Amino acid sequence: MAEAILEVRDLHKHYPLTRGIVFKKHVGAVKAVDGVDFDLAAGETLGIVGESGCGKSTVAKMLVNLERPTSGTIRYKGEDITTMSPKALKAVRRNIQMVFQDPYTSLNPRMTVGDIIGEPYEIHPEVAPKGDRRRKVQDLLDVVGLNPEYINRYPHQFSGGQRQRIGIARGLALQPEIIVADEPVSALDVSVQAQVVNLLDSLQSEFSLSYVFIAHDLSIVRHISDRVGVMYLGRIVEIGTDAQIYDHPTHPYTQALLSAVPVPDPEARAHRERIILTGDVPSPANIPSGCRFRTRCWKAQERCTLEVPLLAVPAVFRLTDSPAKHDSACHFAEEKQVVPPEEPEEP
Ligand SMILES: Nc1ncnc2c1ncn2[C@@H]1O[C@H](COP(=O)(O)OP(=O)(O)O)[C@@H](O)[C@H]1O
Ligand code: SF4
Ligand SMILES: [Mg+2]
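Worth saying up front: this structure is predicted, and the values here are computed from it rather than measured.

With reference to specific residues and values, describe the UniProt feature "domain: ABC transporter" (unreviewed entry) in the protein chain.
Here the UniProt feature "domain: ABC transporter" (unreviewed entry) sits at residues 6–258. Spanning residues 6–258, this segment combines 34% helix with 28% strand, and its end C-alpha atoms are found 27 Å apart.

Can you break down the site of ligand 1 residue by residue, with the values?
In the region of ligand 1, the neighbouring residues are Tyr15, Val30, Ala32, Gly50, Ser52, Gly53, Cys54, Gly55, Lys56, Ser57, Thr58 and Pro284. When residues of the shell around ligand 1 are traced back to their parent elements, those giving at least two are strand E2 (25–41) and helix H1 (56–63). A total of 3 residues in the shell around ligand 1 trace back to one element, the largest contributor, which is H1. By residue class, the composition of the shell around ligand 1 is 5 nonpolar, 6 polar and 1 charged.

Can you explain the pairing of strand E7 (residues 178–182)? Please cite residues and give values.
Within E7, 5 of the 5 residues are buried, leaving the element largely enclosed by the surrounding structure. Covered by surrounding structure in E7 are Ile178, Val180 and Asp182 together with Ile179 and Ala181, the residues of both alternating faces. Of the pairings in the sheet, the one linking strand E6 (residues 96–99) to E7 comprises 4 bridges and is parallel in character. The residue of E7 that forms the bridge with Met98 is Val180. The pairing of E7 with strand E8 (residues 210–215) spans 5 bridges and is parallel. Considered in E8, the bridge of Ala181 is made with Phe213. The β-α-β motif built from E7, the intervening helix H7 (residues 190–207) and the parallel element E8 has right-handed crossover chirality.

Talk me through the site of ligand 2; I want residue IDs and the actual numbers.
What surrounds ligand 2 is the set Pro252, Cys291, Phe293, Arg294, Cys297, Lys299, Ala300, Cys304, Pro309, Cys330, His331 and Phe332. Counted by class, the shell around ligand 2 contains 9 nonpolar, 1 polar and 2 charged residues.

I'd love a proper account of helix H5 (residues 133–143), names of residues and values included.
Looking only at H5, the buried set comprises Val137, Leu140 and Leu141. Along the axis of H5, the buried positions cluster into a sector of 100 degrees, meaning they face one direction only. Along H5, the residues that are exposed and aim more than 90 degrees away from the buried face are Arg135, Asp139 and Asp142. Among the structural elements, helix H3 (113–118) and helix H6 (160–172) are those in contact with the buried residues of H5.

Explain the domain arrangement of the protein chain to me, and be specific about the residues and the numbers.
Size of an interface: often given as the accessible area lost when the parts come together. Partitioning the protein chain into structural domains gives domain 1 (4–19 + 27–225) and domain 2 (235–328). A separation of 28 Å is found between the C-alpha centroids of domain 1 and domain 2. Every contact between the two is made by 17 residues of domain 1 and, on the other side, 14 residues of domain 2. Looking at the side of domain 1 that touches domain 2, the elements that each hand over two or more residues are E2 and helix H8 (218–221). Counting residues per element, the side of domain 1 that touches domain 2 draws most heavily on E2, at 10 residues.

Parameters and conventions
- Residues numbered from 1 in each chain as written.
- Chains lettered and ligands numbered in written order.
- Predicted model: local features only at pLDDT ≥ 70, side-chain atom pairs only at ≥ 80, totals over all residues.
- UniProt positions renumbered as here; feature names shortened; annotations may be inferred.
- Helix = DSSP H or I, 4+ residues; strand = E, 2+ residues; numbered from the N terminus.
- Near = placed C-beta within 6 Å.
- Nonpolar A, V, L, I, M, F, W, Y, C, P; charged D, E, K, R; others polar.
- Buried ≥ 20, exposed ≤ 12 C-beta atoms within 10 Å, placed from the backbone.
- Pairing = 2+ DSSP bridges.
- Right-handed = clockwise from strand over helix to strand, strands pointing away.
- Arc of directions from axis to C-beta.
- Contact = placed C-beta atoms within 7 Å.
- Domains from an automatic or database assignment.

Okay, structure coming up:
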């Protein structure tokens with residue numbers, strides 16, 4: 001793998017749970033993020049996938065410094081941004097930008113598109129001197145496929161897909177190296193999702209960007225991700241290359257998520273197995289002992305209650321050359337092909 005531009009280690013975000021109004025008493029914690037590790041290589045796209053509430057947005061907010069971790073480190077080019085001085089941090093924040101999920105609520109309705117996209121220049125005037133800003137914003141509109149003459153319009157004059165393009169243009173304004181995109185297409189119609197994903201894909205090569213691309217659905221990240229991490233209740237439970245995760249998943253949770261991914265070919269669809277998970281996701285304030293997935297896992301045994309499975313290559317695959325040899329936090333990891341392999345694309 002190329003050199004890591006971000007290294008995340010043992011990242012936690014616990015929100016205290018209190019009772020009482022005057023004398024707030026600590027009665028526990030919501031463990032929104034509970035020990036997350038990953039690297040992001042320069043130029044790479046890492047997909048992060050998991051059901052709603054598993055802590056994806058909280059990870060995203062810590063990466064861009066909108067939330068402070070309870071513990072753990074986030075190193076950007078080797079330096080821990082969680083302990084940096086405010087001045088050093090300002091320069092780093094410029095290089096790590098976020099694109100938000102909901103293009104309807106994340107853009108200020110009373111600001112023009114030009115002001116929205118150019119707002120980051122107020123904090124970082126060194127990137128675009130005042131006289132140069134309008135032209136820069138128009139360039140950005142063009143880059144994301146919008147007419148530069150729309151610069152004086154307001155968000156309500158755009159469709160959902162166009163608004164997300166505005167959000168992306170704003171994310172690009174400071175010429176960052178890393179974009180953290182938190183479910184950037186989840187709020188959009190299916191018909192425009194692919195267009196926005198394709199735009200992000202082409203911007204990546206044009207501007208040498210690294211992406212953390214968050215989604216709740218494995219089908220969306222497939223084509224854009226080089227690697228994928230699957231999250232469950234505040235932790236990554238399996239991580240590997242695109243091919244390892246989609247074609248050779250070894251964690252039961254990943255296998256269950258994959259079994260719900262739409263398969264276009266009716267023949268293949270008829271033959272694949274659906275894994276229906278029973279039970280609800282436990283509360284992040286009350287995480288099961290041992291393996292946190294055990295209350296919904298059809299393979300759970302006593303060991304799963306007693307021992308926390310670590311995110312590492314499972315012993316059974318360690319000495320093999322199999323694509324199943326990738327990190328998976330399961331005591332009984334087994335390869336299971338859930339989704340029929342994709343036909344190679346036409347040249
Ligand atoms: N500020 C907060 N205070 C308390 N709990 C929170 C806060 N923000 C998020 N949570 C909880 O943390 C968990 C993870 O949330 P989030 O990161 O938004 O998940 P996701 O983006 O995967 O849907 C959820 O149970 C959520 O209710
Ligand atoms: S460790 Fe046990 S409960 Fe957890 S995923 Fe593996 S088999 Fe299931
Ligand atoms: Mg979220």
